[in-house]
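Overview (structure and organization)
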Amino acid sequence: MIKKIPRKPAVDGDAAVKEALRRIDQPTRRLFLQRSLTLGGLSLLTGCGIVDDESVERVLMKVSRFNDKVQAWIFDPDQLAPTYPESMITRPFRFNAYYGEDEIRPVNGDTYRLEVSGLVADKHAWSLAELRAMPQTEQITRLICVEGWSAIGKWGGVTFSTFLKRIGADTTAKYVGFKCSDDYYTSIDMPTALHPQTQLTLSFDGETLPPRYGFPMKLRMPTKLGYKNPKHIAALFVTNDNPGGYWEDQGYNWFGGS
Ligand SMILES: Nc1nc2c(c(=O)[nH]1)N[C@H]1C(S)=C(S)[C@@H](COP(=O)(O)O)O[C@H]1N2
Ligand SMILES: [Mo]
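First, a word on what this report is: a plain description of the structure on this page. As the structure is a prediction and not an experimental result, all values here were calculated from the model.

1. Topic: the overall build of the protein
A count of helical and extended segments in the protein gives 7 helices and 9 strands. Here the protein holds 258 residues, and the buried ones make up 51% of them. For the protein, the proportion of contacts with a sequence separation of at least 24, taken over those separated by at least 6, is 68%. As displayed, the protein offers around 13,000 Å² of accessible surface, 53% of which is attributable to carbon and sulfur atoms.

2. Some details on the sheet that holds strand β1 (residues 115-118)
Reading across the sheet, the 4 strands line up as β1-β9-β4-β5 and stay open at both edges, with mixed pairing between neighbours. On the outer flanks of this sheet lie β1 and β5 (185-189), each paired with one strand and no other. The sheet shows a mean angle of 20° between the axes of neighbouring strands, direction not considered.

3. Regarding the pairing of strand β2 (residues 137-145)
Of all 9 residues in β2, 7 are buried, a share of seventy percent or more. Relative to strand β3 (residues 149-159), β2 is paired through 9 bridges, and the arrangement is antiparallel. Across the sheet, the residue bridging to I140 is K154, located in β3. The hairpin formed by β2 and β3 contains 3 residues between the paired strands, and G148 there has a positive phi angle of roughly 105°.

4. Comments concerning the site of ligand 1
In the vicinity of ligand 1 lie 19 residues, with R94, Y98, D182, N229 and K231 positioned nearest. Between N96 and ligand 1, the recorded distance is 3.0 Å, taken from a backbone N or O atom to an oxygen atom. Considering ligand 1 on its own, with 540 Å² of exposed area, one finds that the protein chains cover 99% of that surface. Per-class residue counts for the shell around ligand 1 are 11 nonpolar, 4 polar and 4 charged.

5. Considerations on unusual backbone geometry
Residue R91 is joined to P92 through a cis peptide bond whose omega torsion reads 0°. Mapped onto the elements of the fold, P92 is located in the loop between α4 (53-73) and β1. Across the junction of F215 and P216, the peptide omega takes the value 5°, indicating a cis bond. One can find P216 in the loop between β7 (207-208) and β8 (218-220). Here D183, not a glycine, exhibits a phi torsion of approximately 75°, which is positive. For D183, the location among the structural elements is in the loop between β4 (175-180) and β5. Here D183 falls in the exposed class, since its relative accessible area comes to 56%. Despite not being glycine, D205 shows a phi value in the positive range, around 55°.

6. Some details on the environment of A81
Summarising the element assignment, A81 is placed in the loop between α4 and β1. With relative accessibility at 8%, the residue A81 sits in the buried group. Through-space distance from the C-alpha of A81 to that of T223 is 6.1 Å; in sequence the pair is 142 residues apart.

7. Things to note about the nonpolar core
Counting 29 residues, the largest nonpolar core has L114, F160, F163, I167, V176 and L236 as the members making the most contacts within it. Elements supplying a minimum of two residues to this core: α5 (128-132), α6 (160-166), β4, α7 (190-193), β6 (199-204) and β9 (233-239). Sequence-distant contacts of F160, defined by excluding residues within four places in its chain, comprise V176, F178, A193, T198, Q199, L200, L219 and L236. Ranked by size, the runner-up nonpolar core spans 12 residues in total, among them F95, C145, L209 and Y213.

8. Here we look at the pairing of β4
Most of β4 sits inside the fold, with 5 of its 6 residues counted as buried. The sheet contact formed by β4 and β5 spans 5 bridges and is antiparallel. By the bridge assignment for β5, V176 is matched with I188. Counting the residues that bridge the hairpin from β4 to β5 gives 4 residues, and of these D183 lies at a positive phi of roughly 75°. Pairing analysis gives 6 bridges linking β4 to β9, with the strands arranged antiparallel. In the sheet register, C180 faces β9, and the bridge partner there is I233.

Cut-off values and rules
Residues numbered from 1 in each chain as written. Chains lettered and ligands numbered in written order. Predicted model: local features only at pLDDT ≥ 70, side-chain atom pairs only at ≥ 80, totals over all residues. Heavy atoms only, no water. Helix = DSSP H or I, 4+ residues; strand = E, 2+ residues; numbered from the N terminus. Buried < 20%, exposed > 50% of the residue type's maximum accessible area, 1.4 Å probe, protein only. Contact = heavy atoms within 4.5 Å. Areas by Shrake-Rupley, 256 points an atom, 1.4 Å probe, with all protein chains shown as cover. Pairing = 2+ DSSP bridges. Axes fitted to C-alpha atoms, helices over the stretch in contact; angles between N-to-C directions. Near = heavy atom within 4 Å. Polar contact = N/O pair within 3.5 Å; in protein donor to acceptor, adjacent residues only side chain to side chain. Nonpolar A, V, L, I, M, F, W, Y, C, P; charged D, E, K, R; others polar. Core = buried A, V, L, I, M, F, W, Y, C linked by side-chain atoms within 4.5 Å.

Shape descriptors only; they carry no functional weight alone.
Here's what the structure looks like:
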């Protein structure tokens, strides 16, 4: 008679996460409890498949270790994130999106208009030429992806607080939301929107922002994790209702930084 080998029971997701969290350091535990992360969310967050209790813990440890490094690189809303010399720029710079590089959707820069809505005085849509005519700044900062990698790049564009003032945004509102032409979306808190290093980005490494890094325009924030930095922005709006985000709505921490 063939003996049936009992299969390992499927891991009880939420119980396994709770149990593993008990053995993890306090800041990481807090990070997860804030958003009551599920097992599915954890797999998404780390890009790791989770098959048993042991791997839940392993994945959490990985996040925890990365978290320590991240804390040192960024995250004080009242302070500037570190900047780096040209010699430290990561080349080639890493591409990331919820799809592959061969699926980047082209955007026509000539007909492009940035839509602006919500709690703002001036709702006219902006052409690239108009955005380029505003005062430009540059930053060499580190982009940190929650999947466990980081890269240093140089971005140029308009300081976002300058832009918000220009459109007469209600800066007492709570959020700024972003809709992207690839259907990605995210949102940030107003203090981050007004942070001096938050940039409406038009260039990368001294060149027009290439399609893979978000042509025609992205928002660059060294105080936030990669997924809070929307590429291919088509529309932005100022609001008091939390607009959520593509990854945030699947379990990523909404704050995603300092
Ligand atoms: N529109 C759009 N923006 C996006 C994403 C995306 O899939 N679509 N991915 C985010 C994630 S998870 C990361 S890490 C960064 C990667 O930016 P990069 O390609 O310039 O490295 O873009 C963020 N912004
Ligand atoms: Mo990311």
